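Analysis of the macromolecular model
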Amino acid sequence: MSPLMVGFDLDMTLVDSRPGIAAAFRALTARTGVHVDGELAVSRLGPPLRTELAHWFPPERLEEAVTLYRELYPAYAITPTVPMPGAEAALRAVHARGGRTMVVTAKMGRLAKLHLDHLGLPVDELAGDVFAEQKAVALREHGATLYVGDHVADMAAARAAGIPGVAVATGPCSAAELAEAGARVVLDDLVEFPRALDRIIGLALEG
């Protein structure tokens, strides 16, 4: 078998970025005069930024909003973000078994790296600006053994990559939705991940 490589989603899987993202949306509202309900936006994290901003901005202003939001993000979103319960232990559990870890996220790579560096999360590889089946390309390129995420689109990515999807019910999707989307294992949160990892690796071995 190939060396163990576990992919993780970022927002609401490894980090709780809701306070920071809401702050960035408030700053965007202040700069553009276009109201963005940050609390509503962070209740449905997962899809790419453009998908969310399209709910608030007319098409002719969408790219302007995307660019400005990304400029504001480092100042407003990094410091308020905290690790999800069990995140660091989950990463270290993979390393303890001789494996490697990677983050595969819809967030731009440079912004995701700011979160990982600020929180000191031990991640070996990073692929950003990919969503749903696009994530499968990065997972295959890095030889991922399995993929851990909180969104039904993460389970679609794992399925497209031909690896088990491990779901954590800590984001906008319920445990039932995640199971229906094809999750091979559904955990309440990452706190359960280290105890379940050997069983999960067994699923990967089964194919």
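Scope of this entry: the structure provided in the associated data block.

1. Observations concerning the sheet that holds strand β7 (residues 165–168)
Strands sit in the order β5-β4-β1-β6-β7-β8 across an open sheet of six strands; the sheet is parallel. A strand with exactly one partner marks an edge of an open sheet, and here the two such strands are β5 (125–127) and β8 (185–187). With direction set aside, neighbouring strand axes in the sheet form an average angle of 20°. By the bridge criterion, four bridges tie strand β1 (residues 5–8) to strand β4 (residues 100–104) in an arrangement that is parallel.

2. As for the packing of aromatic side chains
Aromatic rings considered in pairs are described by the distance between their centres and by the relative angle of their planes. In total, this model carries three aromatic pairs according to the counting rule given. Site record: aromatic cluster; members linked through ring pairs are Phe25, Tyr69 and Tyr73.

3. Some remarks on the packing of helix α4 (residues 59–77) against helix α6 (residues 109–119)
Running from N to C, α4 and α6 point in directions that differ by 5°, and their axes come no closer than 11 Å. When the interaxial angle is binned, α4 and α6 end up roughly parallel. Packed against α4, whose contacting residues are Arg70, Tyr73, Pro74 and Ala77, the element α6 presents Arg110, Leu111, Leu114 and His115 at the interface. Residues belonging to the contact of α4 with α6 are distributed by class as follows: five nonpolar, one polar and two charged.

4. Looking at the nonpolar core
Formed by 29 residues in total, the largest nonpolar core has its most connected members in Val6, Phe8, Leu14, Val148, Leu190 and Phe193. Looking at this core, the elements that each hand over two or more residues are β1, α5 (87–96), α6, β6 (146–149), β7, β8 and α10 (193–206). When near neighbours in sequence (up to four residues on either side) are disregarded, leucine 14 contacts Phe8, Asp9, Pro83, Met84, Ala87, Leu91, Val103, Leu121 and Leu190. Listed in part, the 26 residues of the second largest apolar core include Ile21, Leu62, Ile78 and Leu111.

5. Here we look at the pairing of β1
Burial along β1 is two-sided: Met5 and Gly7 facing one way and Val6 and Phe8 facing the other are all buried. Across three bridges, the pairing between β1 and β6 is parallel. Within the sheet, the bridge partner assigned to glycine 7 lies in β6 and is tyrosine 147.

6. Examining the environment of proline 74
Structurally, proline 74 can be placed in helix α4. Taking C-alpha positions, proline 74 is 9.4 Å from glycine 20, a pair spaced 54 residues apart along the chain. Discounting chain neighbours no more than four positions away, the residues touching proline 74 are Leu111 and Leu114.

7. Points about α4
At glutamate 71, α4 shows its strongest bend, of approximately 35°, with the proline proline 74 following within four residues. The set of residues buried in α4 consists of Leu62, Ala65, Val66, Leu68, Tyr69, Arg70, Leu72, Tyr73 and Ala77. On its buried side, α4 packs onto α1 (18–32), α3 (49–53) and α6.

8. Comments concerning the packing of α1 against α4
Where α1 contacts α4, the two axes come as close as 8 Å, and the packing angle between them is 130°. When the axes of α1 and α4 are compared, the pair comes out oblique. Here the hand of the crossing between α1 and α4 comes out right-handed. Mapping the contact onto sequence places Gly20, Ile21, Ala23, Ala24, Phe25, Ala27, Leu28, Arg31 and Thr32 in α1 and Arg61, Ala65, Leu68, Tyr69, Leu72, Tyr73, Tyr76 and Ala77 in α4.

Basis of the calculations
Residues numbered from 1 in each chain as written. Predicted model: local features only at pLDDT ≥ 70, side-chain atom pairs only at ≥ 80, totals over all residues. Heavy atoms only, no water. Pairing = 2+ DSSP bridges. Helix = DSSP H or I, 4+ residues; strand = E, 2+ residues; numbered from the N terminus. Axes fitted to C-alpha atoms, helices over the stretch in contact; angles between N-to-C directions. Phe/Tyr/Trp six-rings, centres within 6.5 Å; stacked < 30°, edge-to-face > 60°. Parallel < 35°, antiparallel > 145°, perpendicular 65-115°, else oblique. Contact = heavy atoms within 4.5 Å. Nonpolar A, V, L, I, M, F, W, Y, C, P; charged D, E, K, R; others polar. Core = buried A, V, L, I, M, F, W, Y, C linked by side-chain atoms within 4.5 Å. Buried < 20%, exposed > 50% of the residue type's maximum accessible area, 1.4 Å probe, protein only. Bend = angle between axes of the 7 residues up to and from the residue. Left-handed = near helix turned anticlockwise from the far one by under 90°.

Honestly, that's just the spatial picture; any functional story needs more than this.
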